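What follows is the residue order along each chain.
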Amino acid sequence: MKGSGETPLMAQYREIKARHPDAILFFRMGDFYEMFYEDAEVAARVLGLTLTSRNNGGAAEVPLAGIPVKAANEYLRRFVAQGFRVAICEQVEDPKLAKGIVKREVIETITPGAAFSDDLLDSARNNFLCAVVLRAQASDAALHAPRGAAFQVGIAAADLSTGEFRLVTTTQGDADAVLARLAPREVVVPSSDGGSHEALDAPLAPLGALVTARQAWEFDHERAADALAQQFAVASLEGFGIQAADAPALGAAGALLRYLRDVQPSGLPHLTRPVVERPGGVMPLDEMTRRNLELVESLRGGEETAGTLLSVLDRTQTPMGARLLRQWILAPLTDVAAIDARLDAVEALHADGTARAALREALDGVRDVERLAGKSAAQRATPRELRALGDSLARLPGVLTALRRLRIAGVLREVVDRWDDAATLAARIRSTLVERPPLSFGEGETIAMGVDAELDDLRAVATGGKDAIAALQAQERERTGISSLKVGYNRVFGYYIEITNAHRDHVPADYQRRQTLTGAERYVTPALKEFEEKVLGATERIEAIERRVFEGLRAEAGRAVAQLQAIAGRVAVLDVLASLAEVAAREGYVRPRVDDEAVLEIAGGRHPVVERMMPRDQFIPNDVTLAPDARMIILTGPNMAGKSTILRQVGLLVLMAQMGSFVAATAARVGRCDRVFTRVGASDNLVRGQSTFMVEMAETSAILHSATARSLVLLDEIGRGTATWDGLSIAWAVSEHLHERVRCKTIFATHYHELTQLADEFVSVRNYNVAVEEAGERILFLHRLRPGGADRSYGIEVGRLAGLPGPVIARARALLKVLEGEQLVPALAGTARAAAVPAMPPSGDQLALFAAPDPLVERLREIDPNALTPLQALTLLAELSAKARGEG
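Residues numbered from 1 in each chain as written. Predicted model: local features only at pLDDT ≥ 70, side-chain atom pairs only at ≥ 80, totals over all residues. Heavy atoms only, no water.

A.B. asks: Quick question: what am I supposed to make of the overall build of the protein chain here?
C.D. replies: When its secondary structure is counted, the protein chain shows 31 helices and 26 strands. The buried share among the 888 residues of the protein chain stands at 50%. A separation threshold of at least 6 residues defines the contact pool for the protein chain, and within that pool the share at least 24 residues apart is 69%. A total of about 41,600 Å² of accessible surface is found on the protein chain, and carbon and sulfur atoms cover 52% of it. (Helix = DSSP H or I, 4+ residues; strand = E, 2+ residues; numbered from the N terminus. Buried < 20%, exposed > 50% of the residue type's maximum accessible area, 1.4 Å probe, protein only. Contact = heavy atoms within 4.5 Å. Areas by Shrake-Rupley, 256 points an atom, 1.4 Å probe, with all protein chains shown as cover.)

A.B. asks: Could you clarify how one ought to interpret the pattern of salt bridges in this entry?
C.D. replies: It is possible for side chains bearing opposite charge to pair when their charged atoms get close. For the structure on display, the rule yields 52 salt bridges. Here Lys375 and Asp118 are joined by a salt bridge, their closest N and O atoms 3.2 Å apart. Of this pair, Lys375 sits in helix H14 (residues 369-377) while Asp118 sits in the loop between strand E6 (104-110) and strand E7 (128-136), and the two are 257 residues apart along the sequence. The class of Lys375 is buried, set by a relative accessible area of 6%. Salt bridges sharing common partners tie together Glu287, Arg291, Arg679, Glu696 and Glu699. (Salt bridge = Lys/Arg side-chain N within 4 Å of Asp/Glu carboxyl O.)

A.B. asks: I would appreciate a short explanation of the pairing of strand E15 (residues 512-516) in the present structure.
C.D. replies: Within a regular beta strand, the side chains point alternately toward one face of the sheet and then the other, so they alternate between its two faces. When E15 meets strand E16 (residues 520-524), the two strands line up antiparallel, connected through four bridges. Within the sheet, the bridge partner assigned to Arg513 lies in E16 and is Tyr523. (Pairing = 2+ DSSP bridges.)

A.B. asks: In this structure, what is going on with helix H12 (residues 336-351)? I would like to understand it.
C.D. replies: Owing to its 3.6 residues per turn, the α-helix brings residues three or four apart onto one side. If you check H12, its first and last C-alpha atoms are 22 Å apart, about what 16 residues at 1.5 Å a residue would give, namely 22 Å. Listed as buried for H12 are Val336, Ile339, Arg342, Leu343, Ala345, Val346, Ala348 and Leu349. Elements in contact with the buried residues of H12: helix H11 (319-330), helix H13 (353-363), helix H17 (411-417), helix H22 (561-587), strand E17 (593-595) and helix H23 (643-659). The distance from a side-chain oxygen at the start of H12 to the backbone nitrogen of Ala337 is 3.3 Å, and the residue carrying that oxygen is Asp335. (Expected span 1.5 Å × (residues − 1). Polar contact = N/O pair within 3.5 Å; in protein donor to acceptor, adjacent residues only side chain to side chain.)

A.B. asks: Got a minute to help me understand unusual backbone geometry in this structure?
C.D. replies: In this model, Ala422 sits at a positive phi of 45°, which is unusual for a non-glycine residue. Here Ala422 shows up in the loop between H17 and helix H18 (423-432). With relative accessibility at 5%, the residue Ala422 sits in the buried group. Even without glycine at this site, Glu717 takes up a positive phi of about 60°.

Nothing here speaks to function; it is all geometry.
Right, dumping it as structure tokens:
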């Protein structure tokens, strides 16, 4: 509420803040951004700023916190990293010309998903902002839809920094995989009062993403069609390939476009025409598979890439290539022809190491053309960034020269046929801007000599000022006879002549006093004033001309944004292909044969990440074969033998092959998979209130509902999170279901040795184990896969290796003999079995495993059979029997 004595400035602030209630308002005042009221208190808490106050006329004191404009980027980065929105309110008129309060407007709102600044972006990954909407399918379609498919999910994704724009319509079951691949920093959804946000499943809002609610009507696909047609200046969306079935994605696109216009009032000239993604082109990868296989993020959490498939394959030279490689890893192809086109290109680069090295050298130094083009179109590129764009384009002829030395095959053919290096624009930028422009105006020369004749003349005046000053100083010294006279300059008084008080009597009559100092006086003369006006006028005019020329050049680059984005895309493809070929050559990878047969044959397969962490040639390779007549492997073996490594290895090699990469093996044949599912490792989900076993069962359920005959399923220790017989029953039933009903390629690693009996019942089940060698009570892990089931798990030996106390190991071995003899799992509770359990060795420090005394055993120990009569013995037996049945 406006106070009765509120100042005009604070009234202006309140009016602007009311239009941006969800954002921290950076309110420009001179060289500072100020924050008031709650925003100031938040800034003080989050940024550690000093909270002060400002007098608001007759109203109460106003909380205040401020930051220098020059330091704003660091504070913005910290705000956005913690999920805040920041509205930048600038002075949009010259304060000298303002009549009253300076006019101010919000020029942009910066959010985690809507950012241009390099300080807020990771050059190696896209910064997607997604809009998501749920739509129920028609009743007949919903009735027959599989689990998770009763709803359609429309997804629109835009990367404001690159202009990339995608539309996806998918099922509710696959939406998580799409969003995880895009990894949005922010998600726009319909508000709950519109109904559809309430139906959104938790996975549809990726963990850590800022969720922004918008009015439900904004997701209407008919309104969206009009908005997109207006944005891209077309009469119809048919040219974009948008069909009636894409209505959910179209609705999401409309809401996304409206939101982007709100946060970027200056417009979106660099937004590319939308690309519609169709189901079936790429393989959806669910959260389990991405996490368990450590594709782009380590299991250690966060955004750490060390120890991931991305860290192994990434030898890219450009930011565009790094981003595209990440996309390829998260979106393996499912079309054999498309896969082979990539493999043909990688093979051509792999075969010619000299040409590959030349290509990589030419790519080195190409900056982020994609983002620089976007900044130019949005009129945000600085002089230094625009020069970087020109220098990057100037390197492209060298890239083409290196490319032509190769055998042009596969994807390379399309790159060469569509090659464009924007030579004219590159020459214009490099000839217009100085070689090393400043980061911003006022910090040095921006425009090169010879570009503008007036600019060159003015520079001669400005730079000739030093000579003129020296000449004027010598002239005045001679005229006055004062040898200590000097000519100087400061920002407050401009140019002046300084004479010490000792020579004050010799000052000529035409000298006009300007400033008095302790030991001297400063004067001006008509000649000095004339000189000052000429020099300062030249400086101001120089800056105005430089700004005009630069902005014209930047606008020219901006108009070429579509051309530059296409160039960046081709450079990115080249960079990724060269990176894959370089890694293949260094690591000894081979080209896989990919076809449509239901076969997986890997000879000498290696885990591409684990082998990099070991001394060279120490990783033990293994062969794996899955075929229609041998489509399930039951894999047994000790802990630490390498079962999980083999599972992950197989999954990674299949995904590498289908993304178009060579694989870590001596030979490989990969029958195209539509999905790869992994259930490896154990974890709970405290956020969703789920136990380890519940998470395991939920993940297994998702696999059983989603897998097809073309899928690859990799399971590790299903059922271990509950009672042994329950777990074994579940594991057996899951195996039967996958073998008999789904009929997919499956590897099931387990410690339930009973599962090896499946091979006796089903013709397509094979038993394999990971070999070990025993040396007395010690074991040696060979990490070698061999036919047949394992007969032991060696868990006690692994416990010894982990450092369990010696008495615990000894006790465990003694108990194991009893349990193996009985082949029963229930707890040691009965008197008959308790009598057979060996006593624990006496020790004050001994852990009391199974050591609780049994009353019946204690009673038996007290009895002297020789002292009992037959009648007493029968009576005592009846008493003990009743107690054993719980009747005593």
